[in-house]
Amino acid sequence: MGRIFQHSAASGSALQSMMVTLADGRRIHCRCSLGVGEPLVLLHGLLDSSEGWTEFAAAQSRPCIAFDLPGFGHSDLPTRPRIGAYAEDVHEALELLDVPTPVGLIGHSLGGAIAAALAERMAEQVSALLMLAPVGFGRIPLAEAVSIPGARQLTRLWMPLALGHRLPLTLAYRGFVNAEHAGGGEMLERIVKSEVDLAAAAAAATQAIAAAGTSKYGFHRRRVGYGGPVTAMWGTRDRIVSPKHSLGVKIAFPQAQIVHWHGIGHHPQCERPGELLALAARACALRPAALAPLPAAAGRRRRIAPAFAPALAA
């Protein structure tokens, strides 16, 4: 069994930092906040970290657990470059934190695919799934191209250089990711400061994204084993993950509600934060009768993550 071994206040944030040691010795970092009701588990996208959820979590009255996905932020790399490996690590961390279930899962981009894998893994412990421009529901040619063995080595060489300069990053973000909307400055600053560590994390994640799009067992080629409420949102100007991948979501989750936001790109947290709060409130408030808690879990629903609550309240 692993254990929580560190916590510290995050200055100016509703979230406080915690590190969890997994059974194999690797560490997963998360930021947690107290609240009332079912917890929300927040999973970020490629190149981001749990810090990207700071404003979103600060606006919540529910407990929030925002993870640094394996390899990103302060978390160690996954055991293998596959979506399932990321989900395994987050699932183990949730168990070690003793987070009460059911939980609402919210994932952006890479985090969306991981959230889908978690929903299948934890089907009876998930009350709702919200995915924002998720990967994993179709092929992404760019991810496949840079995951070819020869290109993979080249990418590892040039990526630290590309990520270490603010101006080209800003231009690429505004033109390619954020549909020319302002915002994202704090994330870009984090990228520039940690470009060397991000290179390895991005390489592993890109391989996982490419594999998810081409696997014969991919989400978009089968029905995923989770029958609860699912909402998937895309911006109509998303140049990273095509809104057409919503067709793959409907194959995986026939019950899914698909939402398209006109005029935005790939990063709704920055482009329309207020609307995202409203969408999350609607998507994660649904409580299907089919997901009634098991008797063993019934007494846990009213507790607020006892493993980390005392530390946060101190």
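Criteria and thresholds
- Residues numbered from 1 in each chain as written.
- Predicted model: local features only at pLDDT ≥ 70, side-chain atom pairs only at ≥ 80, totals over all residues.
- Heavy atoms only, no water.
- Buried < 20%, exposed > 50% of the residue type's maximum accessible area, 1.4 Å probe, protein only.
- Helix = DSSP H or I, 4+ residues; strand = E, 2+ residues; numbered from the N terminus.
- Pairing = 2+ DSSP bridges.
- Salt bridge = Lys/Arg side-chain N within 4 Å of Asp/Glu carboxyl O.
- Arc of directions from axis to C-beta.
- Contact = heavy atoms within 4.5 Å.

A. Looking closely at the pairing of strand β2 (residues 16-21). For β2, a buried count of 5 out of 6 residues is recorded, marking the element as mostly surrounded by other parts of the structure. Once β2 ends, the chain turns through 5 residues before running back antiparallel as strand β3 (residues 27-33), passing Gly25 with a positive phi of about 95°.

B. Seen up close, the pattern of salt bridges. With the rule as written, the count across this model stands at 9 salt bridges. A salt bridge links Arg31 to Asp68; the shortest N-O distance between them is 3.8 Å. Taken together, the residues span a long stretch of sequence, with Arg31 in strand β3 and Asp68 in the loop between β5 (64-67) and α2 (83-97) at a distance of 37 residues. Residue Arg31 shares its accessibility class with Asp68, and that shared class is buried. A salt bridge links Glu275 to Arg272; the nearest nitrogen and oxygen atoms lie 3.7 Å apart. Judged by relative accessible area, which is 23%, Arg272 ranks as partly exposed. Here the salt bridges do not stand alone but share partners, grouping Asp24, Arg26 and Asp89 into one network.

C. Looking closely at helix α11 (residues 273-283). Buried within α11 are the following residues: Leu276, Leu279, Ala280 and Ala283. Angularly, the buried residues of α11 cover 100° about the axis, an arc narrow enough to put them on a single face. For α11, the elements touching its buried residues are α1 (54-58), β6 (103-108), β7 (126-132), β8 (230-235), β9 (257-261) and α10 (268-271).

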